[in-house]
Amino acid sequence: MFAGYSCIRSARWSFRVLLPELLSSFRSLHRTTPSWSENAKGAVTQPHAACVTFFGQWPEAERATFLTDMRVQERFIDEHEEQSLMEEIEPYLKRLRYEFDHWDDAIHGYRETERKHWYPANRAILDRVLAAAFDGIAMPYVHVLDLAEEGVIKPHVDSVRYCGNTIAGISLLSDSVMRLVRTNDEEQTNAEYRQIFSEERHNKYWADILLPRRSLYVMRHTARYKFTHEILPGKESLFRDALIKKTRRISIICRNDP
């Protein structure tokens, strides 16, 4: 009986010692597990539905296609990586003024630049973007877009002259809401197509996408060509009826060749 009691007491002692380590491991796994599923190569296989809200009468097939073509990965980078990116781009951005005119009237309150050469640590981050969104191949110049707190990106479809079927961006400094509205070629060439949504809202269907700070979005194929996209201004930045505080936002954007 004494020997049996010793075994039980030893087991209890081991459990008390191991329990904190087990809990710590579980918490670590919970923090680092991506909110979307990945295959062996790290490519996205299913979007995180918590970042997407649908509006209007979506055709079932197009809704399924959209969920494949518009994807968001939360916590793509951590705080240290965000700081590393900022330390490289901020000194240059500070020398620029925010602009309120854009060649196609798509952006107001912005600064921008392009970079080809990056510090090794930041190049490694961008290589992860290329692996996740472009199978490792994208245009050599990376677009850095600095949107002021009061800045706005209006609805637009990126010109096919400047990029191909995929756009991917890391969101720095702030959460934001991106809206994608189904459009067509005729509306895109209309000088007033940005007003069509507000005038014929009842005939439209669209999706609001939550872009959390430090997340990566990947917009490709139908989401890239058949939907206008915009960053909602601060007062309209709602996601599921909750106001998303949008402050200064920097996006690190990669594209593939036309």
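The Cofactor (unreviewed entry) field of the UniProt record for the protein holds the comment "Fe(2+)".

(A) Highlighting the side chain of E81. The residue E81 is located in helix α3 (residues 79-93) in this model. Excluding residues within four positions of it along the chain, E81 makes contact with F76, I125 and R128.

(B) Here's a closer look at the packing of aromatic side chains. For the structure shown, the criterion picks out 7 aromatic pairs. A centroid spacing of 5.4 Å and a plane angle of 10 degrees characterise the contact between F55 and W206, whose relative ring orientation is stacked. Within this pair, whereas F55 is found in strand β3 (residues 52-55), its partner W206 is found in strand β9 (residues 206-211), the two being separated by 151 residues in sequence. The class of F55 is partly exposed, set by a relative accessible area of 30%. Taking 5.1 Å as the distance between ring centres and 65 degrees as the angle between the ring planes, the aromatic pair formed by W58 and F66 counts as edge-to-face. A connected cluster of aromatic rings, assembled from ring pairs, spans F54, W58, F66, Y205 and F227. Above the ring of Y98, the side-chain terminus of R111 is found at 4.1 Å from the ring centroid. We note R115 situated over the ring of W118; from NZ or CZ to the ring centre the distance is 5.6 Å.

(C) Looking closely at unusual backbone geometry. At D135, a residue that is not glycine, the phi angle is positive and equals roughly 55 degrees. A positive phi is found at R240, a non-glycine position, where the angle reads about 55 degrees. The class of R240 is partly exposed, set by a relative accessible area of 49%.

Rules and cut-offs
- Residues numbered from 1 in each chain as written.
- Predicted model: local features only at pLDDT ≥ 70, side-chain atom pairs only at ≥ 80, totals over all residues.
- Heavy atoms only, no water.
- UniProt positions renumbered as here; feature names shortened; annotations may be inferred.
- Helix = DSSP H or I, 4+ residues; strand = E, 2+ residues; numbered from the N terminus.
- Contact = heavy atoms within 4.5 Å.
- Phe/Tyr/Trp six-rings, centres within 6.5 Å; stacked < 30°, edge-to-face > 60°.
- Buried < 20%, exposed > 50% of the residue type's maximum accessible area, 1.4 Å probe, protein only.
- Lys NZ or Arg CZ within 6 Å of the ring centre and 35° of its normal.

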